[in-house]
Amino acid sequence: MTKNLRVKSSEYIDETNRISFKFNGKTYHGFKGDTLASALLANDVHLVGRSFKYHRPRGIMTAGSEEPNAIVQVNPGTNRTEPNVRATEVEIYEGLEASSQNCWPSVEFDIGGINNFLSPFFPAGFYYKTFMWPASFWEKYEFFIRHSAGLGKSPTSSDPDIYDHRNIHCDVLVVGAGISGILAAKNAAKNNFKTLLVDEKNELGGSTIFENNEFNKIDNKTPSDWLKKEIEELKNIKNLEIKTRTSVAAYHQYNYLLARENLTDHLEAKDKTNKIRQRLLKIRAKKVILATGALERPLIFNNNDRPGIMLSSAVKKYSEFYGVTCGSKNVFFTNNDSAYESALSLFNKGINVEAVIDIREQSESKIVKKVKEAGIKIYWSHTIVDTAGYKRLNSVSIMKLSTDGTSVTGSKISISCDCLGVAGGWTPAVHLYTQSGSKLKFDEEKQIFLPNQNTSEQLSVGSCSGDFKIDEIIKNLNHKLKDTLNIKETDLDNIKVEIDHENSKKNIWLLPSDKPLGKTKPFVDYQNDATAKDIKLALREGFRSIEHVKRYTTTGMGTDQGKLGNMHALGIIADTAGVKMGELGTTTFRPPYTPLTFGTIVGRNVGKFFDIFRRTPMNDWHVENKAEFENVGQWKRAWYYPINGETMHQAVQRESKAARESAGILDASTLGKIDIQGSDASEFLNRVYTNAWSKLAIGKCRYGLMLNEDGMVYDDGVTTRLGENHYIMTTTTGGAANVLSKLEDYLQTEWPELDVYLTSVTDHYATASLCGPNSKKILKKIIPDLDLADENFPHMSFKEANIGNIQCRIMRISFTGEHSYEINVQASYGKDLWEKCMEAGQEFNITPYGTETMHLLRAEKGFIIVGQDTDGTMTPIDLQMDWIVSKKKYDFIGKRSLYRSDTMREDRKQLVGLLTEDPNEVLEEGAQIISELNQSPVEMLGHVTSSYFSPNLNKSIALAVVRGGKNMMGKKLFVPMENKNINVIVTNPVFYDEKNERLNA
Amino acid sequence: MFLINCPYCGERDQQEFKAGGEAHIERPKQPTELSDDEWAEYLFMRKNIKGVQFERWNHAHGCRKWFNMVRDTSNDEIKAIYKMGEKPPAQ
Ligand SMILES: [Zn+2]
């Protein structure tokens, strides 16, 4: 029978709304308002997981996002499953299922728990030291490690939920809605600042909302009652937007913050559908007020990790906020007064508090007196030296602490208990503050890191800035707000605060035990099982930098980034190495503060919206005619058009033959097109291309090669002179945007004196390329009145014409070596044009061909494709294209680099043709080329860049780059493959119609 | 993510911009008269300092204008922005 540990009705728990949920397959009940953690604790379930390395039983430790242990898999086995979720943050709903992680076969009996007994063999750096040798064994080690590790399981089918992004601009962003955040937001909004207040919890108020110390008063009310009234007033304030369940994940420079707003995770499955699950808020704030609060620290003592050992503040929150008691025999262990508040909270509800163990000699505060009066035993100057209970704490052993705090004396006392609340003081949550680039300083007196140098318009208020008491919080908040917001009055001016001052605290980072350190397990990082012993070992082995110790011991490297234990790690290092904590610095806190789902990060950019697709105006035709597509940059280009179940090879062979024998048609709309105008347009082209442009007649076309300033080929294409001061440049499909950027860069920065205007018109024109011996007849049918005679419309020339009412630009240019025409029309007429060509070409068996056939045809002619046959290391000389490099021009982009000693080397890789000895053997693109078979290591001379079986030559052809290839014509080389060596002969890269006779056929 | 004050458009998110390397490296007017070393100095050598650096930026997804920026690379503070051709501010 499960116990019910509800202690009183809480206003945050709706006991009329009973909810059933499953944990590790077993059904439990909780109430609306419970977290998974509070509901489990109400059912007396503490054991929720196993630790990562030793598989030690672990329980719920905290009541917030800093939870290191209670990491669960939510809705296992469904497509909504999510690993590594903190049970302390999961709001329960009807039908929720969750399971423990990192345990097999079950959390109650875990085989990996044997690591716990082997732990002397698993010290810090164990993995580094053990699994490094012999190297060939790594695969076996990896299998073992992966099998026994594993933090949760990712879903195996796609995420059914919708995610969203939203940009928010505000004057003031307040992070954290505890007392400081609420007061800051209220005063900012009242002073006409557009304000956004966010908090990761579902309720406003932070920890003050269950503040029960009767000696603290604000305007004669308990802080809790006073704050509830303030929260009520927020509703009526204009300019204030409040977002709960919203966790700020990252704080970047210039006050740019990313927050995750959780919208449906707390709802039943039926209420989740068709709603946005999580939204990523991209917030740009003029000012940021951080009110992120403080995290309670545990104390580091032997076996401080058993289920039932919790933070004292968590015990209090479960009791006050959720109405749940975490144990029936409670003990507190503390170095400050806050544990007494927790003890009293339980006592006032009639729950048994056995003792408070305090490492201090005494404390004079009123709350301590009150605890004494309640008859609760206080052990001053005592420390816990050990704990017992495997799956649940059952007792603690305490001993007297020596005056210097480094050892224990006297006899051991055992106290039976099932819950231990540990209070080690408070660490300001400065994670976001440091993410912004701002710097911390160490406060020697308070022994904490505090905000020091702000790098942006920001302010830290409340306990994250080191103010822990309500009077300091309100006083400092008031003057900080006036300064930062430049306002004269706030409603904090006349608040009366009474408080119970703590007058002593004592920090001992690592508490001693009666056993030596080597025999104890004082955990510093619970999630990664790093103990104080590991940290000391790292120091003994010579690690000094905090960042190195962190990596070697994995302290702070779990999904919780060591929110609880990082300060202790620093303290232990400082004590051991004999340096001051301030000099050590801290490790870097990296975003996200708490883990984000991939869904939130990508938002709506999933599936077909993951990347933009660009489609040509003829796209529908290609789809209707069953084209296969390939991605070229963002374009979807028709790749080949299989008919009657053809393979790609069969389709491409057929298309290639048809284009040479009769007529083919290609959708060339994706080529980049840049309109160039201005009185210096010709001079501009002279400077950007390797060849000369001034003498190109109006109505003529010319191929151009563009280099980078380093002399390497960057792009190519045909440019046509449309008028005296007007050109249209084409670029490669993938290079269009970069070419435009490069040209604009030179015009704006190097040659501002040139009168040239560039306009991208790629999307404005659709282009159909008609090719083959019958292309002229087809064009004649479409435009009967156009004079197509070779002498009036020769190769490399241009004409304007009309197809019916549609204006078009026709270039007689060829990328296949065949007689061909490129017809450009306004994009919206693209499909019309295509269909007209198909109709007119029917009698000639016009064959649509895709990019694969285009590549094959141009390879037969030895035409390069920039980016396939070049890779940013090829000069025009390397490509055997010396003919296009003007010797007369004084300068052009990249010219000087062609005369660098390195670019003039004879043994550079050069473009050549390759023919295989066996004409049916087709080489693999990317295959390496060698000249010696029996050499080791063998020199790689180059690689195959393009390779096809040519149906027109009936043999295999290839282009390749080969070191010194220019002088190897006729030489036999080898292409070594996995099972054989292929013999190849170096040839001229032009395989077909070397004299270009077909251009005028 | 910086907030960059384009001299033509005003404050915009960094996403709209493209960084273009070190500023004030002028392309030689007579490249052919330079030795290999002198040309290499122009072509390859960049300071890439930690601290105050002069950079080129382009408002690629906006007005497409190039401009100069003075940025402290150690903390990403943008100290000045000025148009191409304008004199850099005195440091
Ligand atoms: Zn702009």
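Presented here is an overview of the structure given in this document. Note that the structure is predicted; figures quoted are calculated from it, not measured. Once a new chain begins, its residue numbering starts again from 1 and follows that chain's sequence as written. As they are written, the chains are lettered A onward and the ligands numbered 1 onward, keeping that order. In keeping with the model being predicted, local features are shown solely for residues with a pLDDT of at least 70 and side-chain atom pairs are shown and tallied solely at 80 or more, while totals for entire chains, interfaces and linings include all residues. Calculation of side-chain values draws on the structure's entire complement of heavy atoms; hydrogens and water are dropped beforehand.

## Describing the sheet that holds strand β19 (residues 377-380) of chain A
All names here are of chain A.
- Spatially, the five strands line up as an open sheet ordered β16-β23-β17-β18-β19, and their pairing is parallel. Of all strands in the sheet, those bounded by a partner on one side alone are β16 (309-311) and β19. Here the strands of the sheet are splayed against their neighbours by 20° on average, with no regard to which way each runs.
- Pairing between two strands requires that DSSP report at least two bridges joining them. Numbering goes from the N terminus for both helices and strands, where a helix is a DSSP run of H or I of at least four residues and a strand is a run of E of at least two. With three bridges connecting them, β16 and strand β23 (residues 419-423) associate as parallel partners. Bridging from a neighbouring strand, Met310 pairs with Gly421 of β23. Orientation is described by lines fitted to C-alpha atoms, with helices fitted over the stretch in contact, and by angles between N-to-C directions that extend from 0 to 180 degrees.

## Section: helix α22 (residues 775-782) of chain A
Residue and element names in this part refer to chain A.
- If you check which residues of α22 are buried, you get Ser775, Ile778, Leu779 and Ile782. The buried residues of α22 occupy one face: seen down the axis, they fall within an arc of 95°.
- In what follows, a contact means two residues having at least one pair of non-hydrogen atoms within 4.5 Å. The inward-facing, buried residues of α22 abut β39 (765-771), β40 (797-803), β41 (806-812), β42 (820-826) and α23 (830-841). Between buried and exposed lies partly exposed: a residue is buried under 20% and exposed over 50% of the maximum accessible area for its type, with that area taken using a 1.4 Å probe on protein chains only. Directions pointing from the helix axis toward each C-beta atom define the arc.

## Section: the packing of aromatic side chains
- A pair of Phe, Tyr and Trp rings is counted when the ring centres sit within 6.5 Å of each other, with Trp represented by its six-membered ring. The angle between the planes then sorts it: under 30 degrees is stacked, over 60 is edge-to-face, the rest tilted. The final tally for this structure, using the stated rule, is 23 aromatic pairs over all chains.
- Measuring from ring centre to ring centre gives 6.2 Å for Phe210 of chain A and Phe321 of chain A, while their planes differ by 70°; the resulting arrangement is edge-to-face. Residue Phe210 of chain A is found in the loop between β9 (195-198) and β10 (217-218), and its partner Phe321 of chain A is found in the loop between α8 (312-320) and β17 (330-334); the two are separated by 111 residues along the sequence.
- Accessibility expressed as a relative area gives 8% for Phe210 of chain A, which makes it buried.
- Under the relative-accessibility criterion, Phe321 of chain A is labelled buried at 6%.
- Two conditions define a charge sitting above a ring: the NZ of Lys or the CZ of Arg must be within 6 Å of the ring centre, and it must be within 35 degrees of the ring normal. Seen from the ring of Phe523 of chain A, Arg58 of chain A lies directly overhead, with NZ or CZ sitting 4.7 Å from the centre.
- In this structure, Arg56 of chain B is placed above the aromatic ring of Trp66 of chain B, and the distance from its NZ or CZ to the ring centre is 4.2 Å.

## Thoughts on the environment of Ala692 of chain A
All names here are of chain A.
- Its location among the elements puts Ala692 in the loop between α20 (681-688) and β35 (701-707).
- For Ala692, a relative accessible area of 38% puts it in the partly exposed group.
- Sequence separation between Ala692 and Val885 is 193 residues; the distance between their C-alpha atoms is 8.6 Å.

## Considering the interface of chain A and chain B
- Taken together, the 26 residues of chain A in the interface contact 29 residues of chain B.
- Carbon and sulfur atoms make up 43% of the surface buried where chain A meets chain B, a total of about 2,500 Å² over both sides.
- Buried area is calculated as the accessible area (1.4 Å probe) missing from two parts once they are joined, with the contributions of both summed. Per-residue buried area on chain A facing chain B is highest for Tyr254, Tyr890 and Arg896 of chain A; these three make up 28% of the total on that side.
- Counted as salt bridges are all cases of a side-chain nitrogen of Lys or Arg within 4 Å of a carboxyl oxygen of Asp or Glu. At the junction of chain A and chain B, the tally comes to six salt bridges.
- For Arg27 of chain B, the salt bridge goes to Asp891 of chain A, with nearest N and O atoms at 2.8 Å.
- N or O atoms closer than or at 3.5 Å make up a polar contact, with two conditions inside protein: a donor-capable atom paired with an acceptor-capable one, and, for residues adjacent in sequence, both atoms drawn from side chains. For the interface between chain A and chain B, the tally reads 24 residue pairs in polar contact (both at pLDDT 80 or more).
- A per-element tally of the side of chain A that touches chain B places helix α21 (residues 736-750) of chain A first, with eight residues.
- Looking at side-chain class alone, the side of chain A that touches chain B contains eight nonpolar, eight polar and 10 charged residues. Under this grouping Gly is polar, as are all residues other than the nonpolar Ala, Val, Leu, Ile, Met, Phe, Trp, Tyr, Cys and Pro and the charged Asp, Glu, Lys and Arg.

## Topic: the packing of helix α13 (residues 532-540) of chain A against helix α14 (residues 546-553) of chain A
All names here are of chain A.
- Where α13 contacts α14, the two axes come as close as 10 Å, and the packing angle between them is 125°. Regarding the angle of α13 to α14, the classification is oblique. Here the hand of the crossing between α13 and α14 comes out right-handed. Across the interface between the two elements, Asp534, Ile535, Ala538 and Leu539 from α13 touch Val549, Tyr552 and Thr553 from α14.
- Along the lines of polarity and charge, the residues of the contact of α13 with α14 split into five nonpolar, one polar and one charged. Just so you know how the angles are binned, under 35 degrees is roughly parallel, over 145 roughly antiparallel, 65 to 115 roughly perpendicular, and the rest oblique. Working rule for handedness: look at the near helix, and if it is turned counterclockwise from the far one by less than a right angle, call the crossing left-handed; if clockwise, right-handed.

## Some words on the sheet that holds strand β34 (residues 672-677) of chain A
All names here are of chain A.
- Spatial ordering of the open sheet is given by β35-β36-β37-β34-β38, a layout of five strands whose pairing is antiparallel. Two strands lie at the open edges of the sheet, namely β35 and β38 (757-760), each paired on one side alone. On average, adjacent strands in this sheet sit at an angle of 25° to one another, irrespective of strand direction.
- Looking at chain direction, β34 and strand β37 (residues 726-731) are connected through six bridges and run antiparallel. Paired with Gln677 across the strands is His726, a residue of β37.
- Strands β34, β35, β36 (713-723), β37 and β38 of the sheet are contacted by α21, whose axis makes an angle of about 165° with β38.

## Notes on the coordination of the zinc ion
All names here are of chain B.
- Protein coordination at the zinc ion comes from Cys6 (SG), Cys9 (SG), His59 (ND1) and Cys63 (SG), with a distance range of 2.0 to 2.3 Å.
- Metal donors: N, O and S atoms at distances within 2.8 Å, or within 3.2 Å for Na, K and Ca, with water omitted from the atom set so that some sites may seem incomplete. Along the chain, the residues donating to the zinc ion fall in the pattern C-x2-C-x49-H-x3-C. Highlighted residues: Cys6 in strand β1 (residues 3-6) and Cys63 in the loop between β4 (52-58) and β5 (66-72), separated in sequence by 57 residues.
- Residue classification places Cys6 among the buried positions, given a relative accessible area of 2%.

## Here's the deal with the pairing of β34 of chain A
Residue and element names in this part refer to chain A.
- For β34, a buried count of five out of six residues is recorded, marking the element as mostly surrounded by other parts of the structure.
- Here β34 runs beside β38; their pairing, made up of four bridges, is antiparallel. Bridge pairing links Gln677 to Tyr757 in β38.

## Looking at the nonpolar core
Residues and elements named next belong to chain A.
- Joining through side-chain atoms within 4.5 Å is the link that ties buried Ala, Val, Leu, Ile, Met, Phe, Trp, Tyr and Cys residues into a set, and such a set is a nonpolar core. Judged by nonpolar contacts, the single largest core of 93 residues is most densely connected at Phe21, Leu36, Leu40, Ile60, Met310 and Tyr318.
- With seven residues, the top contributor of residues to this core is helix α5 (residues 179-190).
- Once residues lying within four places of it in the same chain are set aside, the contact partners of Leu40 are Phe21, Phe23, Tyr28, Val45, Val48 and Ile60.
- In this structure, Leu770, Phe793, Ala801 and Tyr821 belong to the second largest nonpolar core, which totals 32 residues.

## Looking at the pattern of salt bridges
All names here are of chain A.
- For the structure shown, the criterion picks out 73 salt bridges over all chains.
- Across the pair Lys657 and Glu661 runs a salt bridge, and its minimum N-O distance is 3.6 Å. Of this pair, Lys657 and Glu661 both sit in helix α19 (residues 648-661), four residues apart, roughly one helical turn.
- Between Asp907 and Arg905 there is a salt bridge; the shortest N-O distance is 2.8 Å.
- When its relative accessible area of 38% is taken as the criterion, Asp907 is described as partly exposed.
- Looking at Arg905, the relative accessible area reads 35%, which means it is partly exposed.
- Several salt bridges converge on common partners, so that one network encompasses Asp164, Arg166, Glu241, Lys243, Glu261, Arg279 and Arg604.

## So, the pairing of strand β26 (residues 448-453) of chain A
Residues and elements named next belong to chain A.
- Here five bridges tie strand β25 (residues 439-443) to β26, and the two strands are oriented antiparallel to one another. When the bridges of β26 are listed, Phe442 appears paired with Phe449.
- Hairpin connection from β25 to β26: four residues lie between these consecutive antiparallel strands, with Gln447 at a positive phi of about 60°.

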